[in-house]
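Coordinate inspection notes
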Amino acid sequence: MKTILSLSPAAQVETECLVAVVLDRAENDRADNTPAKNDRSKTDRPKNDKAEAFVSSSDKTVQQAAADLISSGDVAGKNFEVSWLHKPAGLNAKRLLLVGGGKARNFSPSELRKVAGAAVRALKPRNLRSLAFVVPDQIAAEDAIKAIVEGAIVGNFDPDTYKSDRKDQTVDSITVVASGNQSSLQRAMEEARIVAESQNFTRELVNEPSNRMTPTILAKRAQEMSKEFGLKCEVYGADKIKELKMGAFWGVAQGSDEPPALIVMRYEPAGAPEKPVLGLVGKGITFDTGGISIKPADGMEKMKYDMAGGATMIGAMRAIAQLKPKVKVIGIVCATENMPSGKAQKPGDIQIAMSGKTIEIINTDAEGRLVLADGLCYARQLGCTHLIDAATLTGAVVVALGYTNAGIFSNDDNLYQKFAKALNEAGEKMWRLPLDDEYKEQIKSNIADIMNTGGRWGGASTAAMFLKEFAEDTPWIHLDIAGTAWMEDNKPWIAKGPSGIAVRSLIEFAREFGN
């Protein structure tokens, strides 16, 4: 999607569709004007149950064009409420699209990002190829531009890649109408485009079926991306995995006829200090049958998305290479299938991880933590001083948090606080879960150092505790994105399918980490 900045008055912008945000100020009035007890009789108190919608734009012509529709009461400013006006009076736009942003007091860049996505998705069925979006008054211009561009590009993605009758409904360009310093606004727009395109790149990878996204193909896509944006990229196969004594990784890979791939991407900017070095480690299970502990058939087709953590790291590295923070970053993806076969590992097997720890395999479907164990160890060996991993790791995190929040675990409060700040800036939802020492008792083995599952109860925490054993004393964050990497339903602002969760937060974190 082409992004254009316009500093012209909104009324003068020629476009197929001009988009403005409508908000409801009623809740603000209720909070501010409700009289003190006994101050007025009930009949004198203001009634604020009815919505008080208004166009969030200082452009009087836009306000006037929408005035009749708003005064009619047909527009309330409810979240993602869409209203069309054709040939709006006083505007050069062919159409005016009003999109509800909810209560004015709650409106934020995160909500604006969704509104922008909803606007684009409203245009797509009408085969409109361009739009102009008026920056709302409630949010600072640079923040608004970032939210609008990110939301629009993410909203433009559709997963129907392989439909034979696929209709191209792509919105080709967005013009953002704003006022302010042109160079700073243009910079904000360009940065947002890079971030959003990288999020969509991750979604493209996750969306591919496993016969078209094998570990070898995933590695090739990482290599092509790295070459395009100036990253170093090395890809290793089974021989190197065995040479590095990655017994946990190989234990998962040995059951598949598809060769595994150890993908290592390096961002080493000139002038960056030797330390810190940020390590981004992703689970890249391109298809997960569960192995010998095979999954139920119902829903197994979705297990193509079990490489979402690895795709997240590839997408994050794509943006980092372009945004150029002054910090070294190494991205590692451990890619393999998890298949049942005569060669596959079995419950009760013992694997020796790269770190030398021995692992009793209780359940072969708890394979993501095995590949990450060796990935984390290898990142430390390569000199990473701080670690973040991402994985569709456990069903337990979905039980705990549903499809709204990803789970965060960390062994370092300072690192977590920095990530929480990046999370807030990126507008993604995650929730910190406990990692108390007691959880380690659940994964103790009678025959080995550790078991690869601690049973049903507290499964997200025991899985994180397993990974903590391999991060050791290195400051580390684990993101369990099992419930959020895939949108279960179409939303007004995003299509059903891969979400690209955590890409924006990781990019924001890396940029701040380099300051």
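Whatever comes next refers back to the structure up there.
An account of the accompanying structure is given in this report.

1. Things to note about the state of the cysteines
Under the definition given, this model contains 0 disulfides. The thiol of cysteine 384 is not disulfide-bonded; the next cysteine sulfur, from cysteine 377, is found 11 Å away.

2. Things to note about the nonpolar core
Ranked by internal contacts, the top residues of the largest apolar core, which has 60 residues, are Leu280, Phe419 and Leu479. The element that contributes the greatest number of residues to this core is helix α9 (residues 308-323), accounting for 10 residues. Those residues in contact with leucine 479, other than ones at most four positions away along the chain, are Ile388, Asp389, Ala390, Ala391, Gly407, Ile408, Phe419, Met430, Ala502 and Leu506. Formed by 50 residues, the second largest nonpolar core is a distinct cluster that contains Val264, Val277, Val398 and Trp476.

3. Quick word on α9
Between its first and last C-alpha, α9 extends 22 Å over 16 residues, near the 22 Å set by a 1.5 Å rise per residue. With respect to burial, α9 is a largely interior element, 15 of its 16 residues being buried. After α9 finishes, the residue lysine 324 shows a positive phi value of roughly 55°.

4. Quick word on the pattern of salt bridges
In the structure shown here, the tally under the stated rule is 28 salt bridges. Taking the shortest distance from any N to any O, the salt bridge between lysine 232 and glutamate 268 comes out at 3.0 Å. Here lysine 232, found in strand β8 (residues 232-236), pairs with glutamate 268, found in the loop between β9 (261-267) and β10 (277-288); they are 36 residues apart in sequence, far enough to count as distant. The exposure class assigned to glutamate 268 is partly exposed, which follows from its relative accessible area of 38%. When the shortest N-O distance is used, the salt bridge between glutamate 243 and lysine 240 registers 3.7 Å. Taken as a pair, glutamate 243 and lysine 240 lie in helix α7 (residues 238-243) at a separation of 3 residues, close to a single helical turn. The exposed category is assigned to glutamate 243, whose relative accessible area is 56%. Taken together, the shared-partner salt bridges in this structure form one network comprising Arg113, Glu150 and Arg504.

5. Some thoughts on the sheet that holds strand β14 (residues 386-391)
Backbone hydrogen bonds are what pair the strands of a sheet, in a parallel or an antiparallel way. The strand order across the open sheet built from 8 strands is β8-β9-β11-β10-β14-β18-β15-β16, with neighbouring strands paired in mixed fashion. Here the strands that pair on one side only, and so sit at the sheet edges, are β8 and β16 (430-432). Neighbour-to-neighbour, the strand axes of this sheet turn through a mean angle of 20°, independent of strand direction. Relative to strand β11 (residues 328-338), β9 is paired through 7 bridges, and the arrangement is antiparallel. What sits directly across from valine 264, in β11, is isoleucine 332.

6. Here we look at the environment of leucine 91
With respect to the secondary-structure elements, leucine 91 resides in the loop between β4 (82-86) and β5 (95-103). If near-sequence neighbours (up to four positions away) are discounted, leucine 91 is found in contact with Ala11, Leu18, Thr61, Val62, Ala65 and Leu96.

7. Quick word on the sheet that holds strand β12 (residues 350-352)
Read from one edge to the other, the open sheet built from 3 strands follows the order β12-β13-β17, with strand pairing classed as mixed. Where the open sheet ends on each side, the last strands, each with one partner, are β12 and β17 (450-451).

8. A closer look at the side chain of lysine 283
With respect to the helices, strands and loops of the structure, lysine 283 is situated in strand β10. A distance of 2.7 Å separates a polar atom in the side chain of lysine 283 from the backbone oxygen of threonine 392.

9. Some words on the packing of aromatic side chains
Each aromatic ring pair is specified by the distance between its two centres and by the angle formed by the two planes. As enumerated under the stated definition, the model contains 5 aromatic pairs in all. Each ring, one from phenylalanine 80 and one from tryptophan 493, has its centre 5.1 Å from the other, and the planes form 35°; the classification is tilted. Note that phenylalanine 80 is positioned in the loop between α2 (60-71) and β4 and tryptophan 493 in the loop between β19 (486-487) and β20 (497-498), a separation of 413 residues in sequence. Here the aromatic rings of phenylalanine 509 and phenylalanine 513 are separated by 5.2 Å at their centres, their planes lie at 20°, and the arrangement is stacked. Placement of the pair is phenylalanine 509 and phenylalanine 513 together in helix α14 (residues 503-513), with a separation of 4 residues, close to one helical turn. With respect to class, phenylalanine 509 is no different from phenylalanine 513; both count as buried. In this structure an aromatic cluster arises from ring pairing among Phe419, Phe509 and Phe513. For arginine 126, the ring lying beneath its charged end belongs to tryptophan 84, and the centroid distance is 3.9 Å. Between the NZ or CZ atom of arginine 318 and the centre of the ring of phenylalanine 201, over which it lies, the distance is 5.7 Å.

10. Looking at unusual backbone geometry
The bulk of non-glycine residues show a negative phi, and the bulk of peptide bonds are trans. Omega for the bond connecting lysine 275 with proline 276 falls within 30 degrees of zero, at 5°, which places this linkage in the cis form. Here proline 276 is to be found in the loop between β9 and β10. For lysine 245, which is not glycine, the phi dihedral falls at a positive 60°. By secondary structure assignment, the location of lysine 245 is in the loop between α7 and α8 (247-253). Given the relative accessible area of 62%, lysine 245 is considered exposed.

About the cut-offs
Residues numbered from 1 in each chain as written. Predicted model: local features only at pLDDT ≥ 70, side-chain atom pairs only at ≥ 80, totals over all residues. Heavy atoms only, no water. Disulfide = S-S within 2.5 Å. Core = buried A, V, L, I, M, F, W, Y, C linked by side-chain atoms within 4.5 Å. Buried < 20%, exposed > 50% of the residue type's maximum accessible area, 1.4 Å probe, protein only. Helix = DSSP H or I, 4+ residues; strand = E, 2+ residues; numbered from the N terminus. Contact = heavy atoms within 4.5 Å. Expected span 1.5 Å × (residues − 1). Salt bridge = Lys/Arg side-chain N within 4 Å of Asp/Glu carboxyl O. Pairing = 2+ DSSP bridges. Axes fitted to C-alpha atoms, helices over the stretch in contact; angles between N-to-C directions. Polar contact = N/O pair within 3.5 Å; in protein donor to acceptor, adjacent residues only side chain to side chain. Phe/Tyr/Trp six-rings, centres within 6.5 Å; stacked < 30°, edge-to-face > 60°. Lys NZ or Arg CZ within 6 Å of the ring centre and 35° of its normal.

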